[in-house]
Amino acid sequence: MARGKKYANALAKIDRSKRYDFEEAVKLALENAYAKFDESVDVAVVLGVDPRHADQMVRGSVVLPHGTGKAPRVAVFAKGDKAKEAEAAGADYVGAEDLVKKIQDGWLEFDKAVATPDMMPLVGRIGKILGPRGLMPSAKTGTVTWDVAKAVKDIKSGKIDFKVDRAGVVHAPVGRVSFGPQKILENLAAFFDAIIKAKPSGAKGQYIKNITISTTMGPGIKIDPAAVKDLLEKYGRD
């Protein structure tokens, strides 16, 4: 793919044969961001797992201490008191049959979905619409729950879901260029803490094999997987 002069200039400042530590990589990524908008900072992690095997699936969620820089729109499938709790917690859209019908008619103006367990048979009717878009509520990520208020508040305060893809890679947003290095590093520490805790029983050998960080428009910067330990010690919440 053809790249512009600004991308080439950013790439020239990166040693492509080197694996950086997190502080160096974040500093480089932010300094070389050149877009006129506030670029997202994203991380891609290659894991030593084969997701085709059930005992090697990696998925989970984590509340990033500084959020992602994006205010997610939350839809909640609930009735009665639970619907009221969701609205009070800041849900953008709350409904049941009416919300399902709206989605069946083509409406998808939300980023995350939450449902009470009794709503799942109803939500299942639109599984083929929500599933491929990563919008299907799941007990594993805390979005099928009776505590809808907590689920909504967690999402609004920076909760992200992650799941390894077929190639064994996990992608996640960890903030915006405007956050500055400290907040990005603290978000990265929270993310890697969750990745380590999500290590499946079937994973053998090296678990975290490759790490790359990039901004929306910028080149990827490789990070030494051995640097995760130092990241957690310096920037972890514990």
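The residue count restarts for each chain, going from 1 along the sequence in the order it is written. Owing to the predicted nature of the model, reporting of local features is limited to residues with pLDDT of at least 70; listing and counting of side-chain atom pairs is limited to 80 or more, with chain, interface and lining totals taken over all residues. Excluding hydrogens and water, the side-chain values take into account all heavy atoms of the structure.

Visitor: Would you mind going over helix α7 (residues 148–156) with me for this structure?
Guide: Each turn of an α-helix holds 3.6 residues, which means side chains three or four residues apart point in the same direction. Burial classes: relative accessible area under 20% of the type maximum marks a residue as buried, over 50% as exposed, and values in between as partly exposed (1.4 Å probe, protein chains only). Elements are defined by DSSP. Helices are runs of H or I of four residues or more, strands are runs of E of two residues or more, and each kind is numbered from the N terminus. Regarding α7, the residues found buried are V148, A149, A151, V152, D154 and I155. Backbone geometry just after α7 places G158 at a positive phi near 120°.

Visitor: Help me out: how do you make sense of the packing of helix α8 (residues 181–197) against helix α9 (residues 228–235) in this one?
Guide: Between two packed helices, both the angle of their axes relative to each other and the distance between the axes serve to describe the pair. For helices, the axis comes from a line fit to the C-alpha atoms of the stretch in contact; other axes are also lines fit to C-alpha atoms, and the angle between any two N-to-C directions lies between 0 and 180 degrees. In contact at an axis separation of 9 Å, α8 and α9 are set at 120° when each is read in the N-to-C sense. α9 is crossed by α8, and the crossing has left-handed handedness. Where α8 abuts α9, its residues Q182, L185, E186, L188, A189, F192, D193 and I196 lie against V228, L231, L232 and Y235. For the contact of α8 with α9, the residue count by class is nine nonpolar, one polar and two charged. Crossings are sorted by hand: turned counterclockwise from the far helix by less than a right angle, the near helix makes the crossing left-handed, and turned clockwise it makes it right-handed. Here a residue-residue contact requires only that any non-hydrogen atoms of the pair lie within 4.5 Å. Three classes are used: nonpolar for Ala, Val, Leu, Ile, Met, Phe, Trp, Tyr, Cys and Pro, charged for Asp, Glu, Lys and Arg, and polar for all others, with Gly counted as polar.

Visitor: Please explain the side chain of S40 as it appears in this structure.
Guide: Along the chain, S40 turns up in strand β1 (residues 40–47). S40 gets classed as buried once you look at its relative accessible area, which sits at 13%. For this analysis, a polar contact is any N or O atom pair within 3.5 Å, provided that within protein one partner can donate a hydrogen and the other can accept it, and provided that sequence-adjacent residues contribute only side-chain to side-chain pairs. Within the local environment of S40, its side chain forms a polar contact with the side chain of D42, the two groups lying 3.0 Å apart.

Visitor: Help me understand the packing of aromatic side chains, please; the structure alone is not making it clear to me.
Guide: How two aromatic rings sit relative to each other is set out by the distance from centre to centre and by the angle between their planes. When the centres of two rings from Phe, Tyr and Trp lie within 6.5 Å, Trp using its six-membered ring, the rings pair. Their planes under 30 degrees apart give stacked, over 60 give edge-to-face, and anything left gives tilted. Throughout the structure, instances matching the rule amount to five aromatic pairs. Look at W107 and F110: their rings are 5.4 Å apart centre to centre, the planes differ by 35°, and that puts the pair in the tilted class. When its relative accessible area of 4% is taken as the criterion, F110 is described as buried. With a centroid separation of 5.9 Å and an interplanar angle of 80°, the aromatic rings of F162 and F191 are classed as edge-to-face. Of this pair, F162 sits in strand β6 (residues 159–163) while F191 sits in helix α8, and the two are 29 residues apart along the sequence. The buried category is assigned to F162, whose relative accessible area is 3%. Three or more aromatic residues link up through ring pairs in this structure, and these residues are F22, F162, F191 and F192.

Visitor: I would appreciate a short explanation of the confidence of the model for the protein chain in the present structure.
Guide: You can read pLDDT as the predictor saying how much it trusts each residue, on a scale of 0 to 100. Per-residue pLDDT for the protein chain averages 93, and the proportion of residues at 70 or more is 98%. Per-element mean pLDDT across the protein chain ranges from 84 in helix α1 (residues 5–12) up to 98 in strand β3 (residues 74–77).

Visitor: What am I meant to see in the packing of helix α2 (residues 22–31) against α8 here?
Guide: Where α2 meets α8, the axes come as close as 10 Å, and the angle between the chain directions of the two elements is 130°. One way to sum up the angle between α2 and α8 is to call them oblique. α2 and α8 meet at a crossing whose hand is right-handed. Where α2 approaches α8, its residues F22, E23, V26 and L30 are matched on the opposing element by P181, I184, L185, L188 and F192. Its residues assigned to classes, the contact of α2 with α8 shows eight nonpolar, no polar and one charged. Roughly parallel means an angle under 35 degrees; roughly antiparallel means over 145; roughly perpendicular covers 65 to 115; every other angle is labelled oblique.

Visitor: Mind showing me how you'd approach helix α3 (residues 80–89) here?
Guide: Those residues of α3 that fall on the buried side of the exposure criterion are A83, A86 and A89. In a view along the axis of α3, the buried residues occupy a sector of 125°, so they form one face of it. Opposite the buried face of α3, by more than 90 degrees, sit the exposed residues D81, K84 and A88. Buried residues along α3 sit in contact with β3, β4 (93–95) and α7. Positioned one or two residues after α3, G90 has a phi angle of 110°, which is positive. Note: the arc covers the axis-to-C-beta directions of the helix.

Visitor: Help me understand the domain arrangement of the protein chain, please; the structure alone is not making it clear to me.
Guide: It is common to give the size of an interface as the accessible area lost on bringing the parts into contact. Considered domain by domain, the protein chain is made up of domain 1 (15–68 + 158–235) and domain 2 (74–157). Domain delimitation follows an automatic or database domain assignment. For domain 1 and domain 2, the distance between their C-alpha centres works out to 27 Å. As used here, buried area is the combined drop in accessible area, with a 1.4 Å probe, of two parts when they are placed together. In this assembly, domain 1 packs against domain 2 so that about 750 Å² is buried in total across both faces, 44% of it on carbon and sulfur atoms. Area buried by domain 1 at its contact with domain 2 is led by R59, K159 and D161, which between them contribute 65% of it. Any Lys or Arg side-chain nitrogen found within 4 Å of a carboxyl oxygen on Asp or Glu counts as a salt bridge. In this assembly, domain 1 and domain 2 are joined by one salt bridge. Of the charged contacts in the structure, one is a salt bridge between D161 and K112, with a shortest N-O distance of 3.3 Å. Broken down by secondary-structure element, the contributors of at least two residues to the side of domain 1 that touches domain 2 are β2 (59–63) and β6.

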